[in-house]
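Remarks on the overall topology
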Amino acid sequence: MSTSGEFAEGDEGGRFQDASGSPADTIDAHASRIYLPVRSHERHPTAPLPLEVALGRLGVTRVTGHGALADADPDARNTLTEPGRVVPHEVTGTAVADGTLSATLEPLSWNVIRLA
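Presented here is a report on the structure given in the accompanying data block. The structure presented is a predicted model; accordingly, all values stated were derived computationally and were not measured.

It is worth spelling out the pairing of strand β6 (residues 49-54) at this point. In summary, the side chains of a regular strand alternate between the two faces of the sheet. Residues Leu 49, Leu 51 and Val 53 line the buried face of β6, whereas the alternating positions Pro 50, Glu 52 and Ala 54 sit on a face that is not buried. Taken together, the six bridges between β6 and strand β10 (residues 100-105) define a ladder with antiparallel strand orientation. Note that in β10 the partner of Leu 49 across the bridge is Leu 105.

Below is the structure:
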């Protein structure tokens, strides 16, 4: 399973639509930084999710970071006795090439991809 999408034509507010044209997650743009929050928790619970996003006219040329909140154990959670069980970590391999963002999302994860 993979997902792809693009930013809606003429939408300066950062609305993202998936390949079917349905509204999806949004971006948060601040000056020269763009934060793209992506969740994969509604996808397959054990398989990584390939992601491709056509960035259009955003002028993005590079990934400045990709962080994820995930754990290999789908039942993992932070507790009083284990407050650091599930913590954010950096993800490698995310890239921008020819105006397209490519990433692989961990199963059951929340991701923030920082672009410039």
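Further notes follow.
Moving on, we come to the environment of Val 60. Mapped onto the elements, Val 60 comes out in the loop between β6 and β7 (63-69). Put simply, Val 60 and Leu 115 are 55 residues apart on the chain and 6.4 Å apart in space, counted from C-alpha to C-alpha.

Turning next to the nonpolar core. In summary, soluble globular proteins display a tendency toward joint burial of nonpolar side chains. Ranked by internal contacts, the top residues of the largest apolar core, which has 13 residues, are Leu 55, Leu 101, Ile 113 and Leu 115. At the level of elements, β5 (33-39), β6, β10 and β11 (110-115) are the ones that each hand at least two residues to this core. Excluding anything up to four places from it in sequence, Leu 101 contacts Leu 36, Leu 51, Glu 52, Val 53, Leu 55, Val 63, Thr 94, Ala 95, Val 96, Ile 113 and Leu 115.

Quick look at the pairing of β7 now. Pairing of β7 with β11 involves six bridges; the strand directions are antiparallel. What sits directly across from Val 63, in β11, is Leu 115.

The subject of this paragraph is the pattern of salt bridges. Within the structure shown, the criterion is met by three salt bridges. Notably, a salt bridge pairs Asp 73 with Arg 85, separated by 3.8 Å at the nearest N-O pair. One end of the pair, Asp 73, is in the loop between β7 and β8 (88-90); the other, Arg 85, is in the loop between β7 and β8, with twelve residues separating them in the sequence. Among the ionic contacts, a cluster of salt bridges with common partners joins Asp 71, Asp 73 and Arg 85.

Calculation rules
Residues numbered from 1 in each chain as written. Predicted model: local features only at pLDDT ≥ 70, side-chain atom pairs only at ≥ 80, totals over all residues. Heavy atoms only, no water. Buried < 20%, exposed > 50% of the residue type's maximum accessible area, 1.4 Å probe, protein only. Helix = DSSP H or I, 4+ residues; strand = E, 2+ residues; numbered from the N terminus. Pairing = 2+ DSSP bridges. Core = buried A, V, L, I, M, F, W, Y, C linked by side-chain atoms within 4.5 Å. Contact = heavy atoms within 4.5 Å. Salt bridge = Lys/Arg side-chain N within 4 Å of Asp/Glu carboxyl O.

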